[in-house]
Amino acid sequence: MKKLILPAVIAAFATGAQAADFSLRVIGATSLPTGTLYQGVEFGGISGIDRAADGSYWAISDDRGGERGTPRFYNLSLDYDASGFHGVRINSQTFMQRPDGSTFPANARTVDPEGLRVAPNGNLYWSSEGNWSTNAAARYQPFVREMTTSGAFVREFATPAMYNYVDNASTGGRSNKLFEALTVAPDGTVFVANEDALIQDGNITTLNAGSVVRVTALDPVSGSARAQYAYALPPIPVDAAPGAPFVPDNGLPELLAISDTQFIAIERAFASGVGNTIRLTLAEITADTTDVSAFASLAGAAYTPMRRTLLLEMPLTYQGITLDNIEAVSWGHTLANGHRTLVLAADNNFSGSQSTQFIALEIAPVPEPEQYALLLAGLGLIGWAARRRG
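Residues numbered from 1 in each chain as written. Predicted model: local features only at pLDDT ≥ 70, side-chain atom pairs only at ≥ 80, totals over all residues. Heavy atoms only, no water.

We now examine the sheet that holds strand β10 (residues 143–147). Read across the open sheet, the 4 strands follow the order β8-β9-β10-β11; overall the sheet is antiparallel. Sheet topology places β8 (113–118) and β11 (153–156) at the edges, where each strand pairs with a single neighbour. The sheet shows a mean angle of 25° between the axes of neighbouring strands, direction not considered. The sheet contact formed by β10 and β11 spans 3 bridges and is antiparallel. For Arg145, the partnering residue across the bridge sits in β11 and is Glu156. (Pairing = 2+ DSSP bridges. Helix = DSSP H or I, 4+ residues; strand = E, 2+ residues; numbered from the N terminus. Axes fitted to C-alpha atoms, helices over the stretch in contact; angles between N-to-C directions.)

Below is the structure:
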């Protein structure tokens, strides 16, 4: 039954921008101010979020290197309904552990947590961008690991060496541009992607040209990579303000699986002195998408990338909400009217000019009732399958 329903689900998403088969309505937004403390540690840097089986949410802080405390993740309660977003409660704080059972040291820049997803067995997968340094002894490579909900190390996946930091100049990962996106497909496959192009794959995004990132499928049993696909990022949509201290950028901070081959992707562009542009796209691995795992470089290579369809563009201020640094997306709960929801979360960079923002979106009714019914049924089936695996 799942194979029959999911194509209809994806068709509804893929054609929505043209045929209005569905719409995403902003329910509301709320935020926690920078400087909020929990158990004496500053809360913020939320870069990954995923809904737990009990309806709460796991969220990871990208406190890079534990500069404000030991690297950690949280359990949150998000209170929203069709009338608006009513608040966020922090339920717990947990420190990630290293393989030897110790916590990561604070103020050491040994890890840069970014992605977080609930594993089929109830554990948590999480990713780290690592940390680049000109000093090889202080250079920490990116990874994807599994841990328990108490933070204990379980295992590490064998991610391709092409992502590793080498020289930050001619090959390998770029500093702070690696494993942001992390998701789990209904069949258990773990997908991870870099935020912007590897050095050997070409330039990062600019105002005039896009770039390409690699989405790698990791086998949930062996832990090794079994395929890899290219995702094409578009050019930066808005320039920075004159004299701004940072150049504009665009990247892929998150993926959320809809099926085994289709995902909602977040593209997050930032223009210093102007703001953030957030795009939600449908990213799809099709029959003709090229497995690029054997390609040493994508620059100038012939391949077919994942299919990309724009679902929703939220420029700077959208429906009265000034968008912050959105880096995370999760399925939300079902509203009283039966409609599914999405939750977005922002990384405040621990900056006083930003906040930890949460936005709830309703997947609103479509003109064709039977197609919308299939959409809801398909999403419900995914949730049922996830509970069965757990």
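So, next bit.
Moving on, we come to the sheet that holds strand β14 (residues 211–218). Either a parallel or an antiparallel arrangement is found when strands of a sheet pair, and the pairing is made through backbone hydrogen bonds. With antiparallel pairing, the 4 strands of this open sheet are ordered in space as β12-β13-β14-β15. Of all the strands in the sheet, just β12 (179–184) and β15 (225–233) have a single pairing partner and so form its edges. Across the sheet, the mean angle from the axis of one strand to that of its neighbour is 20°, orientation sign disregarded. Relative to β14, strand β13 (residues 190–194) runs antiparallel, the two sharing 4 bridges. The residue bridging Val192 from the neighbouring strand is Thr216, located in β14.

Put simply, side chains in a regular strand alternate between the two faces of the sheet. The element strand β4 (residues 46–51) is extensively covered by neighbouring structure, given that 5 of its 6 residues are classed as buried. Pairing of β4 with strand β5 (residues 57–61), which is carried by 5 bridges, proceeds in the antiparallel orientation. When the bridges of β5 are listed, Asp50 appears paired with Trp58. The hairpin turn running from β4 into β5, its antiparallel successor, is 5 residues long, and Gly55 in that turn takes a positive phi close to 95°. (Buried < 20%, exposed > 50% of the residue type's maximum accessible area, 1.4 Å probe, protein only.)

For the coordinates displayed, the defined rule picks out 10 aromatic pairs. Site record: aromatic cluster; members linked through ring pairs are Phe104, Trp126 and Phe143. Against the face of Phe143 rests Arg145, its NZ or CZ located 3.8 Å from the ring centre. (Phe/Tyr/Trp six-rings, centres within 6.5 Å; stacked < 30°, edge-to-face > 60°. Lys NZ or Arg CZ within 6 Å of the ring centre and 35° of its normal.)

Let us now look at the environment of Ser211. Among the secondary structure elements, Ser211 is positioned in strand β14. Taking the C-alpha atoms as reference points, Ser211 and Asp201, 10 residues apart in sequence, are found 8.3 Å from one another. Here Ser211 is in contact with Asp196, Ala197, Asn203, Ile204, Thr205, Tyr231, Ala232 and Leu233, once residues within four sequence places are set aside. Of note is the side chain of Ser211, whose polar atom sits 2.6 Å from the side chain of Asp196. (Contact = heavy atoms within 4.5 Å. Polar contact = N/O pair within 3.5 Å; in protein donor to acceptor, adjacent residues only side chain to side chain.)

Position of Glu114 among the secondary structure elements: in strand β8. Beyond its immediate stretch of four places on either side in the chain, Glu114 contacts Ser47, Gly48, Ile60, Asp62, Ser127, Glu129, Phe179, Glu180 and Glu327.

Confidence in the prediction of the protein chain, expressed as mean pLDDT, is 89, and 88% of residues score 70 or more. Throughout residues 1–20 the model reports pLDDT below 50, and contacts reaching past four residues in sequence, or to other chains, amount to 45 contacts. Contacts from residues 381–390, a stretch scored under 50 in pLDDT, to residues over four places away or in other chains number 13 contacts. (pLDDT = per-residue confidence, 0-100.)

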